[in-house]
Amino acid sequence: MKNRILLLMAALAVFLQINAQDVNDTKVILITLDGYRWQELFTGADSLLIANKEYVHDTAMLKKAFWRETPEERREVLMPFFWNQVAKMGQIHGNRPLGSKVNLTNTMWFSYPGYNEILTGSADDLRITSNAKKDNPNKTILEQYNNIPEGKDKVAAFGSWDVFPYIINEERSGVPVNAGFEVAKTNLNEREKFLNELQGQIPSPWGSVRLDAFTHHYALEHMKKEHPKFVYISYGETDDFAHDGDYQAYLKSAHNTDTLLKQLWEFTQQDEFYRNQTVFLISTDHGRGTEPLDTWRSHGSKIEGADQVWLVAFGKNVRSMGEVKQQEQLYSNQIAPTIAKMLGISIAKEAKGQPIKL
């Protein structure tokens, strides 16, 4: 009997050790596509916009590239990685006509409040009321992970918008943030040196947002070199092209971002550190309008539907559900608590959201 008890205890110890390793070995890549509508994600190019010369420079070219007869065909040609691969291995939430709803809990419905909610697990409508470059008084999940021994110096953030150092509160948090028109600065490899040079030579259409290719490749090179366990990447072009009223560039940017996401996924599956240990969570900071038609360019509390967002998850331990077709209500404030659970840490008590069962 004594030997049997000892064997059971040894087996339990091994099980607990393996389970703990499974949690601690999990890597998380959180990604946002600024202001990308659920309408395009789930139905592809908008029939009211793709041939509208007010928003499209070359309607014939754009229709040839992205117009197909059915919504399923249109979304697949627009975002082939999402619908040919992610839909088979993960979960895509937010197709509202099918009953799957994802919403903001903040009432501002624009970027800084949206990112604060995603990254902290709670809206802060009293203090986060603009996109001004003010340090976030709230602690993001990035900061919380960076401030414990398991996560110290294993976190990194990259964004196209130059407000991210303030949203993440880079100085207080200690989380390195490469955003806006910042260059890579430490332990540079040859590709980073080239990116630094190239970024200064290719002008962005906007004063506060760089082109997403730079954000993407700075992030990818850092992952290859430093292997952080928790990475945040925010692509920004879709929002700014929409504000410009350029539907042609908006669609092309979404299509390009789909390709960048595929590259990230393929890298993680080839790299020993990330392979089979990485979870991808992808969402957006806010939606956009639909009616009147011109409100597709805008968002904010006065734009109906700008609180409607979406969520995509795939990778380690994420159940394969594809496009979710059941009644559900998720919120952006659940993303940070979900990440905390994946990383095996406790979320700050201020967080209002509950972890999503993925």
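Parameters and conventions
- Within each chain, residues carry numbers counting from 1 in the order of the written sequence.
- Residue-level local features of this predicted model are given only where pLDDT is at least 70; pairs of side-chain atoms are given and counted only at 80 or more, and the full residue set underlies all totals for whole chains, interfaces and linings.
- Each side-chain value is derived from all of the structure's non-hydrogen atoms; neither hydrogens nor water enter the calculation.
- Strands pair, by our definition, only if DSSP identifies at least two bridges between them.
- For helices the rule is a DSSP run of H or I covering at least 4 residues; for strands it is a run of E covering at least 2, with both sets numbered from the N terminus onward.
- Should any heavy atoms of two residues lie within 4.5 Å, those residues are considered in contact.
- Fitting a line to C-alpha atoms yields each axis, with helices limited to the stretch in contact; the angle taken between N-to-C directions then spans 0 to 180 degrees.
- Each salt bridge in this description consists of a side-chain nitrogen of Lys or Arg and a carboxyl oxygen of Asp or Glu lying within 4 Å of one another.
- Think of it in three bands: with a 1.4 Å probe and only protein chains considered, a residue is buried below 20% of the maximum accessible area for its type, exposed above 50%, and partly exposed in between.

Colleague: Talk me through the sheet that holds strand β7 (residues 278-283); I want residue IDs and the actual numbers.
Modeller: The eight strands are arranged β5-β4-β6-β1-β7-β9-β2-β10 in an open sheet whose pairing can be described as mixed. Edge positions in the sheet fall to β5 (177-179) and β10 (322-323), since each has one partner strand and no second. Relative to strand β6 (residues 230-235), strand β1 (residues 27-33) runs parallel, the two being bridged by six bridges. Note that in β6 the partner of Leu30 across the bridge is Tyr232. In the packing of helix α6 (residues 111-120) onto the sheet, the strands contacted are β1 and β6, and the crossing angle to β1 comes to about 165°.

Colleague: Residues and numbers for the pattern of salt bridges, please.
Modeller: As enumerated under the stated definition, the model contains 15 salt bridges in all. Of the charged contacts in the structure, one is a salt bridge between Glu182 and Lys185, with a shortest N-O distance of 3.7 Å. Note that Glu192 and Lys225 form a salt bridge whose closest N and O atoms lie 2.6 Å from each other. Here Glu192 is found in helix α10 (residues 190-201), whereas its partner Lys225 is found in helix α11 (residues 212-226), with 33 residues between them in sequence. The class of Glu192 is buried, set by a relative accessible area of 3%. It is possible to trace a salt-bridge network through shared partners that takes in Arg37, Glu40 and Asp46.

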